[in-house]
Protein chains: 2
Amino acid sequence: MGKKYVYLFQEGNADLKNLLGGKGANLAEMTNAGLPVPPGFTISTEACNEYYNAGKVFTDEMNRQAMDALAALEQQVGKKLGDIDNPLLVSVRSGSVFSMPGMMDTVLNLGLNDQTVNGLAKKTNNPRFAYDSYRRFIQMFSGVVLNVDHYHFEHVIDHVKEQKGITEDTQMTAEDWQTVIAEYKVIVKKQTGEDFPQEPMDQLKKATIAVFDSWNNQRAIIYRRVHKIPDHLGTAVNIQSMVFGNMGDDCGTGVAFTRNPSTGEKLLYGEYLINAQGEDVVAGTRTPQPIVTLQQVMPEVFDQFVAICNRLESHYRDIQDIEFTIEGGKLYILQTRNGKRTAHAAVKIAYDFVIEGILTKEEALLRVDPSQLDQILHRRIDPNAKQDVIAKGLPASPGAASGKAIFDADLADKLANEGQKVMLVRPETTPDDIHGILAAQGILTSRGGMTSHAAVVARGMGKPAICGCEEIKIDLKSNSFTVNGITVKEGDIISIDGGTGRVMLGEVKLIDPVLSDEFVKLLGWADEIRDLGVRTNADNPEDSKKAREFGAEGIGLCRTEHMFMASDRVPIVQSMILAENEEERLVALEKLLPMQQEDFEGIFREMAGLPVTIRLLDPPLHEFLPHLEDLVVEITKLQMNPNADARVLHEKEILLRKVRGLTEFNPMLGHRGCRLGVVYPEIYEMQARAIFQAACKLAAEGIVVIPEVMIPLVGHVNELSLMRKLVEDTAKQVFEELGQEIEYKVGTMIEVPRAAITADEIATEADFFSFGTNDLTQTTFGFSRDDAEGKFLHYYVDNKVLPENPFAVLDEQGVGKLVDLAVKLGRGTKPGLKTGICGEHGGEKQSIEFCYRTGLDYVSCSPFRVPIARLAAAHATIKFKK
Amino acid sequence: MGKKYVYLFQEGNADLKNLLGGKGANLAEMTNAGLPVPPGFTISTEACNEYYNAGKVFTDEMNRQAMDALAALEQQVGKKLGDIDNPLLVSVRSGSVFSMPGMMDTVLNLGLNDQTVNGLAKKTNNPRFAYDSYRRFIQMFSGVVLNVDHYHFEHVIDHVKEQKGITEDTQMTAEDWQTVIAEYKVIVKKQTGEDFPQEPMDQLKKATIAVFDSWNNQRAIIYRRVHKIPDHLGTAVNIQSMVFGNMGDDCGTGVAFTRNPSTGEKLLYGEYLINAQGEDVVAGTRTPQPIVTLQQVMPEVFDQFVAICNRLESHYRDIQDIEFTIEGGKLYILQTRNGKRTAHAAVKIAYDFVIEGILTKEEALLRVDPSQLDQILHRRIDPNAKQDVIAKGLPASPGAASGKAIFDADLADKLANEGQKVMLVRPETTPDDIHGILAAQGILTSRGGMTSHAAVVARGMGKPAICGCEEIKIDLKSNSFTVNGITVKEGDIISIDGGTGRVMLGEVKLIDPVLSDEFVKLLGWADEIRDLGVRTNADNPEDSKKAREFGAEGIGLCRTEHMFMASDRVPIVQSMILAENEEERLVALEKLLPMQQEDFEGIFREMAGLPVTIRLLDPPLHEFLPHLEDLVVEITKLQMNPNADARVLHEKEILLRKVRGLTEFNPMLGHRGCRLGVVYPEIYEMQARAIFQAACKLAAEGIVVIPEVMIPLVGHVNELSLMRKLVEDTAKQVFEELGQEIEYKVGTMIEVPRAAITADEIATEADFFSFGTNDLTQTTFGFSRDDAEGKFLHYYVDNKVLPENPFAVLDEQGVGKLVDLAVKLGRGTKPGLKTGICGEHGGEKQSIEFCYRTGLDYVSCSPFRVPIARLAAAHATIKFKK
């Protein structure tokens, strides 16, 4: 017997998700649980992959198995595909392993043709319904299978309505739909050169292949890239007997979540439309009713639906996103899946499930994706700020954002690539807009509900969105919208608050987020479980305070150069750099010393009792000087001006000569890091003195200070031993001067490959290693981040030359190997060696997992990423603890 | 019994070189061989090191052993140190393991004081000699031990001569020297506050310590750095009873080499002075007589000397550099050591020793230091070029050079550091001038012979030198010299030919070197022995031809970008770079194709039958564009000029925008190498097409072409697999078009750490690896060579933060580890994987040894370094063959 490609719903179950896709597996699971699921069968993802491997061939064996399953389905429902009197109609839907809502193709009402439509009319005694269904089928099939663009059909219905002087679809009669059908068929013939296919078996095979093909359409590829879904999974195809929500007022269709996917509240959340097909709800063309109103309209159906919702949630132990249809007062469940939710909701639901006894703490933690938390840690609108509210829509996806109003996805994408912040404003969004949504700060639509395409996609991406904001009148011709007499043109800045639905004119002031109680408790559980430390990168007392509130267990990276950048200090720093000799330099350093000391005092105070890793001066000195090109322009102008002050020109020329002398071809690889300390020891000495004087002063006040002095950019052990000696000598001197001793450590960044390779030698002089994975990535790849991200890295990731941007996700195969090597070599020399990471990877979940597996002691990240790191660290422990 | 610190000459032998230093070991060896060596003893290098370890303490035990040895010496010669009637006089000389001529201190005539000088006068019946010796001793001891500068004494003798109306030392009487002595003693008292030490035991101890201390004087440290002599070896001290060459006309002193150290000819080569002490010869203050004339003056002594020379050369199996003194007609040998020689001489002597049956081929090869060969592979003066010869001196060290005449070592050093070429012109050089000699292109002195300080040091460094050019009159006040009415001022350019002794005005045209027969034969032996391939880096047919003549076995690196730099091509290359789209770019590439093809044809023709590795375009594109700063100045000027052509300004502004768009923060780490090929495949495709079209064309002529296409800067296997496919597809297309097939390889540079770390993956797509160790060093250290060498690398090497400049000598501990790893990983995937190196290290001997030990198949270097690489490869095989 050949491979099994096709499964009747009753043959599958939820465990076969990889084979049947999420939708198929759940339909099977529900069928076997006795829920009211219209019968059908699934063609497996394996078939899809073999289809592609064979060069897009739907094999005879696949076809044979599909025909067998169809026969079984026909038997089950007592109808036959293509039967003139009693025709079976089916839906053909994609269903991949991971949900990709709206990205792939669907065909409904398949099986209709010029004959069967009459049979359906007769059998249902509802010719209007039958012809409406047929025109829908022609339109959908033509779009999905025959590649006839949607807009070819658009004016036909309007034209009929105009002629009849009506405005609503519901006013259309059976005859009107027949007129539409006739015109549709002419259009198909004109566009494809062939008649609309009348053979139902032919329709079915073509639709199946079209769904397979839609796995590789542009928007599906982009969606997979964004959501990191592997390309090789393929999609299953679900063929299911149709039920109809559009057969009359005892019919309807809807979508509901078992809990609120935006807030996590334990309340049924969803929408429905009476006398409509599912596409009407999802497409957002008609604004649907809240699900609770169904209780009044169809109380029995509602009660039955609530019971099913509870059952499904218990069964799957997660919030469910359920599609249903009511045909002649009978409820059918068409789909259930784990509901996509905002980070807020994810946190609350995970917490509630533990309290309700459904999940363990570990399971609950794993339910919250750390990378999603970004959205609730984003800044939000300051409630005290002036807000020029111009409209209010549905709060479809929480968060606040500002940007230029842009009415076209392509333009939004283009401008965002140029670095502009844009707000995508559309009547409604379709899957073709995905790149525009991705590019925008937020989304505003005038139509569609909480489960419309825009809402679902925005929530999935953690982007703020307001949907169904019907007050605003969008004019796509002039690219503007008007609301209450105000006109917002393309490029005008607007702000939205996706949590309240408010649309505001101009940019609105944002403030720091506050963590919800549930979030704080969930993070508490994370802390109980994780055994990877979390520190923060902070350069000032304010950030230190915030990070500590967010749970940081110390500072992993305090960049001292940020302190040099303060506007009142730059002139002193410049005079230090431009000093002609050591004496002059010492004068400037003398002035900087009390300033640096004050910085450190503030940070030590906030971090009392916790370790504070301070990195000595790192960047090349010319970063603190005027820009060379500006100087050249200035001098050229002075030279050309006969009235210019010769003295000023002379001074500028001297400055230019010095700036030129300090300018480097490749500053990233130039005179920076400890190379500054080695050549100008007086700079590092001043910094060390500031650290120890600050530490002694606070210690005298009884504050526990734990300084860790970090030497940057070490490539050879000799650099570290020289700088270590300098720090130790300075400490000793300060301790003697002040009569106070402090425990401290001296360690190094591992940020060039040579440091990693020779970590055994370097460890002899280091109390700790901190992996500077930003620079280590740059040197390991030979990529300058500044250049690569603007020039070719985008291309590399888009075209899968690299699996990820290695500056976002640590490159385990390359950079990771060096980190692993350095940890092993370093601990070989010094078994207790403390190791951490302070590159931006320290706040990224995959990279944090890597750090845990590699045996690092801590990660360090920006203050707002500390909660993410705490959760990701717990994930790592749960997943990889030996 | 304590450690033995002191060895009588008869207790030592040549094998104890590490303990006794070269000089002490050879004195011992000669003593035991029965040669006429004045008796003495050696204080060991171990004593020196313990002296330093103890914080510069000459221990009682050392002193006791020295006193015992002194007593034995006194017994042996029948004189006593400090004995008023029969005083023993000794010399106290340094003697390190490796010869450092003139770098450390020496004291002669030690033992003289106000009493013993009279005893010596009486005993020798030569008061003039005795007082002359005493004044010499005071002067030397004061300089070396008491730190009284030489110049304090300078005018004293001149003053006495003036008063007496005489000009020559030989005219000075005993009384005159007594006057000098009296004044010298006043000077010492004035400068040191104490009387000149009269106690001989005290003199001896102080002199010994001074010699120990001189191990760490500035010039010794610099010399060791240049010659890579470890700092921890220490020096021995040789205390030897004095013999006198300045006691009359039956006395004399000299230095001779057993063969000509400049040409290698088997002829006694040296100089002597009658009635003089050794310092007179070495210092170059009197121009000495050629050694052969001694045959007339003292035939018996000469014969005896020749016999000893032959005996010593046979004994040591190497050219000997021998110091001798004749006292009262009796010959004494004061020192022998292996003679320093030019590369020319080294080659000839090594070859001759094999022919003479003294050495095996392997031994002979090891006698020639590959790094020394540089000098004979340097270009030399074109004999047909116009030469404005202004003077002729002694051809002291061969080679040709041009540079600005500079009369001061400090200034020469400073200007050379600024990148200027200088010629050091001095009356004579002293060890204090070492940094100036090091900095200069060549040396010209008006005094001193072939064994003068300048000559010895220049030969050791392989620098051209002319000595004793007495025609030129140097005026150090005006910093100029005059010769035959011509005045050469500071900064004027002169040229010298150290092989002929000719001094020329201006810069003289140089031509390629021709290899001597002996050198060709020696290299032939190297080829027989070595099992490491040697290729060349060549970008044009001329270099390819030259390299093949020099023995290259193929091209290891052909940089295609050099072909883009030709002035007639730059506009086309620019239009390719500035193309707005692929179509425009293709037009430019179409024009470049035939040019590149022609390049490759020429190279393939020269390298017929040998592999040619061609690297596709590597540097960032903006290297081919106008310089941004120049453009900015130009535009600013146009903007300020009210009459400027607006169209020109507009065009310039557009150009500026494009240049700015291509300008990178860190071009080394930017959009270059295969990243260009990935993003603009049409560029690499054009290059591949040019390669294969050229190859097919030549193959059709019956020429064997072996192209190896090399993809630069690969960091991830995906880059290589994409580019490999592009090359293969292009090859296939060309082969089909031309009906010709060529065998070829596709491989990659390993030049970023990630490539080395993931070499197992990369090897799946590579037929060969070529290590680009220049870039690999940059990325492994995180050093930009352009910046590091100008900014801090010098400091690092000078201060021993790094043992070597890693761009000159491959860093085995760091970069080398990556190379080793990559070879192991690569061969793990593909056992036969061909590996080579094409960085500049491929022509450096230590790095070549590393390549051999690591199992590389070949090294590749510039054409002129090919012979060096062949010899170094043979050395590696001889030393490390398992």
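Residues numbered from 1 in each chain as written. Chains lettered and ligands numbered in written order. Predicted model: local features only at pLDDT ≥ 70, side-chain atom pairs only at ≥ 80, totals over all residues. Heavy atoms only, no water.

Participant: Please give an account of the overall build of chain A that cites residues and values.
Facilitator: Along chain A, the regular secondary structure elements total 36 helices and 31 strands. Expressed as lengths along the three principal axes of its C-alpha atoms, the size of chain A is roughly 105 × 70 × 50 Å. Within chain A, buried positions represent 58% of all 882 residues. Considering only intrachain contacts with a sequence separation of at least 6, the fraction spanning at least 24 residues in chain A is 70%. If you sum the accessible surface of chain A, you get close to 34,300 Å²; carbon and sulfur atoms cover 50% of it. Here chain A carries 95 positive and 124 negative side-chain charges, and the mean point of each set is 2 Å from the other. (Helix = DSSP H or I, 4+ residues; strand = E, 2+ residues; numbered from the N terminus. Buried < 20%, exposed > 50% of the residue type's maximum accessible area, 1.4 Å probe, protein only. Contact = heavy atoms within 4.5 Å. Areas by Shrake-Rupley, 256 points an atom, 1.4 Å probe, with all protein chains shown as cover. Lys, Arg positive; Asp, Glu negative; His and termini not counted. Charge placed at Lys NZ, Arg CZ, Asp CG, Glu CD.)

Participant: I'd like to hear about the packing of aromatic side chains, residue by residue, with values.
Facilitator: For the structure on display, the rule yields 46 aromatic pairs over all chains. Here Y351 of chain B and W525 of chain B contribute two aromatic rings whose centre-to-centre distance is 5.5 Å and whose plane-to-plane angle is 15°, an arrangement assigned as stacked. In this pair, Y351 of chain B sits in helix α13 (residues 343-355) while W525 of chain B sits in helix α19 (residues 517-529), placing the two residues 174 residues apart along the sequence. With respect to burial, Y351 of chain B and W525 of chain B carry one shared label: buried. Site record: aromatic cluster; members linked through ring pairs are Y51, Y52, F58 and F212 of chain A. A cation over a ring is seen here: K4 of chain A above Y7 of chain A, with NZ or CZ 4.9 Å from the ring centre. (Phe/Tyr/Trp six-rings, centres within 6.5 Å; stacked < 30°, edge-to-face > 60°. Lys NZ or Arg CZ within 6 Å of the ring centre and 35° of its normal.)

Participant: Could you give an account of the UniProt feature "domain: PEP-utilising enzyme C-terminal" (unreviewed entry) in chain A, naming the residues involved and the relevant values?
Facilitator: The feature "domain: PEP-utilising enzyme C-terminal" (unreviewed entry), as given by UniProt, occupies residues 518-876 of chain A in the numbering adopted here. End C-alpha to end C-alpha, residues 518-876 of chain A measures 21 Å, and it is 57% helix and 11% strand. (UniProt positions renumbered as here; feature names shortened; annotations may be inferred.)

Participant: Could you give an account of the sheet that holds strand β8 (residues 289-290) of chain B, with specific residues and numbers?
Facilitator: All names here are of chain B. Spatially, the 5 strands line up as an open sheet ordered β8-β7-β6-β9-β10, and their pairing is antiparallel. Whereas interior strands pair on both sides, the edge strands pair on one side only; in this sheet they are β8 and β10 (330-338). The pairing of strand β9 (residues 320-327) with β10 spans 8 bridges and is antiparallel. When the sheet's bridge partners are listed, Q320 is paired in β10 with N338. Contacting β6 (252-257), β9 and β10, helix α12 (residues 299-316) crosses the sheet at an angle of about 25° to β10. (Pairing = 2+ DSSP bridges. Axes fitted to C-alpha atoms, helices over the stretch in contact; angles between N-to-C directions.)

Participant: Describe the packing of helix α20 (residues 541-549) of chain A against helix α23 (residues 582-606) of chain A, naming the residues involved and giving the relevant values.
Facilitator: All names here are of chain A. α23 packs onto α20 with a crossing angle of 10° between their chain directions and a minimal axis gap of 8 Å. As judged from the angle between their axes, α20 and α23 are roughly parallel. Here α20 contributes P541, S544, K545 and R548 to the contact with α23, which in turn contributes G602, I603 and E606. Residues of the contact of α20 with α23, tallied by class, amount to 2 nonpolar, 2 polar and 3 charged. (Parallel < 35°, antiparallel > 145°, perpendicular 65-115°, else oblique. Nonpolar A, V, L, I, M, F, W, Y, C, P; charged D, E, K, R; others polar.)

Participant: Please set out the side chain of R219 of chain A residue by residue, giving values where relevant.
Facilitator: Residue and element names in this part refer to chain A. Tracing the sequence through the fold places R219 in helix α9 (residues 218-227). In terms of polar contacts, R219 uses its side chain to reach the backbone carbonyl oxygen of M103, at 3.0 Å. With near-sequence residues (within four places) excluded, R219 lies in contact with G102, M103, M104, D105, P431, D432 and I434. (Polar contact = N/O pair within 3.5 Å; in protein donor to acceptor, adjacent residues only side chain to side chain.)

Participant: Tell me about helix α28 (residues 717-738) of chain A, and name the residues and values.
Facilitator: Here α28 of chain A contains 22 residues, and its C-alpha end-to-end distance of 31 Å stays within 8% of the 32 Å for a straight helix at 1.5 Å per residue. When we look at burial in α28 of chain A, the residues that qualify are V717, E719, L720, M723, R724, L726, V727, T730, A731, V734 and F735 of chain A. Looking at the buried positions of α28 of chain A, the neighbouring elements they touch are α26 (674-679), α27 (681-700), β27 (706-711), β28 (745-750) and α30 (759-762) of chain A together with α33 (793-798) of chain B. (Expected span 1.5 Å × (residues − 1).)

Participant: Account for the UniProt feature "domain: Pyruvate phosphate dikinase AMP/ATP-binding" (unreviewed entry) in chain A, with residues named and values stated.
Facilitator: All names here are of chain A. Mapped onto this numbering, the UniProt entry annotates "domain: Pyruvate phosphate dikinase AMP/ATP-binding" (unreviewed entry) at residues 18-56, 59-295 and 303-350. In residues 18-56, helix accounts for 62% and strand for 10%; the two terminal C-alpha atoms are 21 Å from one another. In the segment residues 303-350, helix accounts for 46% and strand for 35%; the C-alpha atoms at its two ends are 26 Å apart.

Participant: I'd like a rundown of the environment of C851 of chain B, residues and numbers included.
Facilitator: All names here are of chain B. Its location among the elements puts C851 in helix α35 (residues 845-854). Classification of C851 as buried rests on a relative accessible area of 1%. Separated by 22 residues in the primary sequence, C851 and A873 have C-alpha atoms spaced 9.0 Å apart. Once residues lying within four places of it in the same chain are set aside, the contact partners of C851 are I837, L856 and V859.

Participant: Just give me the short version of the domain arrangement of chain A, but keep the residues and values in it.
Facilitator: Residues and elements named next belong to chain A. With domains assigned, chain A is organised as domain 1 (6-241), domain 2 (252-338), domain 3 (379-511), domain 4 (530-620 + 664-880) and domain 5 (626-663). Measuring from the centre of the C-alpha atoms in domain 4 to the corresponding centre in domain 5 gives 36 Å. Across the contact, 6 residues belong to domain 4 and 5 residues belong to domain 5. For the pairing of domain 4 and domain 5, the buried interface totals around 470 Å² over both sides, and the portion due to carbon and sulfur atoms is 62%. Our enumeration of links across domain 4 and domain 5 arrives at 1 salt bridge. A salt bridge links E580 to K658, with the shortest nitrogen-to-oxygen separation between them at 3.1 Å. By residue class, the composition of the side of domain 4 that touches domain 5 is 3 nonpolar, 1 polar and 2 charged. (Domains from an automatic or database assignment. Buried area = accessible area lost by both parts, 1.4 Å probe. Salt bridge = Lys/Arg side-chain N within 4 Å of Asp/Glu carboxyl O.)

Participant: How would you summarise the relation of the copies chain B and chain A if you had to cite specific residues and measurements?
Facilitator: The transform that puts chain B on chain A rotates by 180° and translates by 0.0 Å along the axis, for an RMSD of 0.2 Å. The relationship between the two copies is best expressed as a two-fold rotation axis. Taking C-alpha positions as reference, the residue of chain B nearest the rotation axis is N666 of chain B, located at 2.1 Å. Mapped onto chain A, 100% of the interface residues of chain B again fall at the interface, so both copies present the same surface. (Least-squares fit on C-alpha atoms with pLDDT ≥ 70 in both.)

Participant: I'd like a description of the environment of N537 of chain A, backed by residues and values.
Facilitator: Residue and element names in this part refer to chain A. Structurally, N537 can be placed in strand β24 (residues 533-537). On the basis of relative accessibility, which here comes to 9%, the residue N537 falls in the buried class. When the C-alpha atoms of N537 and V859 are compared, they prove to be 9.8 Å apart, with 322 residues separating the residues in sequence. In this structure N537 touches G556, L557, R559, C838, S860, C861, S862 and P863, once residues within four positions along its chain are discounted.

Participant: Could you give an account of the confidence of the model for chain A, naming the residues involved and the relevant values?
Facilitator: Confidence in the prediction for chain A averages 92 pLDDT; 99% of positions are at 70 or higher. Under the prediction, the complex receives an ipTM of 0.80, its pTM being 0.80. (pLDDT = per-residue confidence, 0-100.)

Participant: Explain helix α20 (residues 541-549) of chain B to me, and be specific about the residues and the numbers.
Facilitator: Residues and elements named next belong to chain B. For α20, every residue scored as buried is listed here: S544, K546 and A547. On an axial view of α20, the arc spanned by its buried residues comes to 165°, and they lie on one face. Where α20 is buried, its residues meet β24 (533-537), β25 (555-559), α23 (582-606) and α36 (866-880). At the exit of α20 stands G551, carrying a positive phi of roughly 105°. (Arc of directions from axis to C-beta.)

Participant: Account for the sheet that holds strand β20 (residues 486-489) of chain B, naming residues and giving values.
Facilitator: Residue and element names in this part refer to chain B. Taken in spatial order, the 3 strands line up as β18-β19-β20 in an open sheet, and their pairing is antiparallel. Of all strands in the sheet, those with a lone pairing partner are β18 (473-475) and β20, marking the two edges. Direction aside, neighbouring strands of the sheet carry axes that sit 20° apart on average. Bridge analysis of β18 against strand β19 (residues 480-483) gives 3 bridges, and the strand direction is antiparallel. Residue pairing in the sheet places I474 in a bridge with F481 of β19.

Participant: Any details on unusual backbone geometry? Residues and values, ideally.
Facilitator: All names here are of chain B. The phi dihedral of N125 falls on the positive side, at around 55°, and the residue is not glycine. For N479, which is not glycine, the phi torsion reads 50° and is therefore positive. With respect to the element layout, N479 can be found in the loop between β18 and β19. In this structure N479 comes out as partly exposed when scored by relative accessible area, which is 24%.

Participant: Give me the interface of chain B and chain A: which residues, what numbers.
Facilitator: Taken together, the contacts link 56 residues of chain B with 56 residues of chain A. Across the chain B to chain A interface the summed buried area is about 5,000 Å²; carbon plus sulfur atoms make up 61%. Of all residues in chain B, the largest losses of buried area upon contact with chain A belong to L669, R754 and K791 of chain B, amounting jointly to 13% of the total for that side. Remark: the boundary between chain B and chain A carries 4 salt bridges. Among the salt bridges present, the one from R660 of chain B reaches E629 of chain A, with a minimum N-O distance of 2.6 Å. Remark: the boundary between chain B and chain A carries 31 residue pairs in polar contact (both at pLDDT 80 or more). Top contributing element to the side of chain B that touches chain A by residue count: helix α24 (residues 628-640) of chain B, with 7 residues. Broken down by class, the residue content of the side of chain B that touches chain A amounts to 26 nonpolar, 15 polar and 15 charged.

Participant: Provide a residue-level description of the packing of helix α24 (residues 628-640) of chain A against helix α25 (residues 646-662) of chain A, including the pertinent values.
Facilitator: Residue and element names in this part refer to chain A. As a packed pair, α24 and α25 sit with axes 10 Å apart at the nearest point and diverge in direction by 150°. By the angle class used here, α24 and α25 are roughly antiparallel. Seen along the crossing, α24 lies across α25 with a hand that is left-handed. Between α24 and α25, the residues in contact are L628, L631, V632, E634, I635, L638 and Q639 and V648, L649, K652, E653, L655, L656, V659 and R660, respectively. (Left-handed = near helix turned anticlockwise from the far one by under 90°.)

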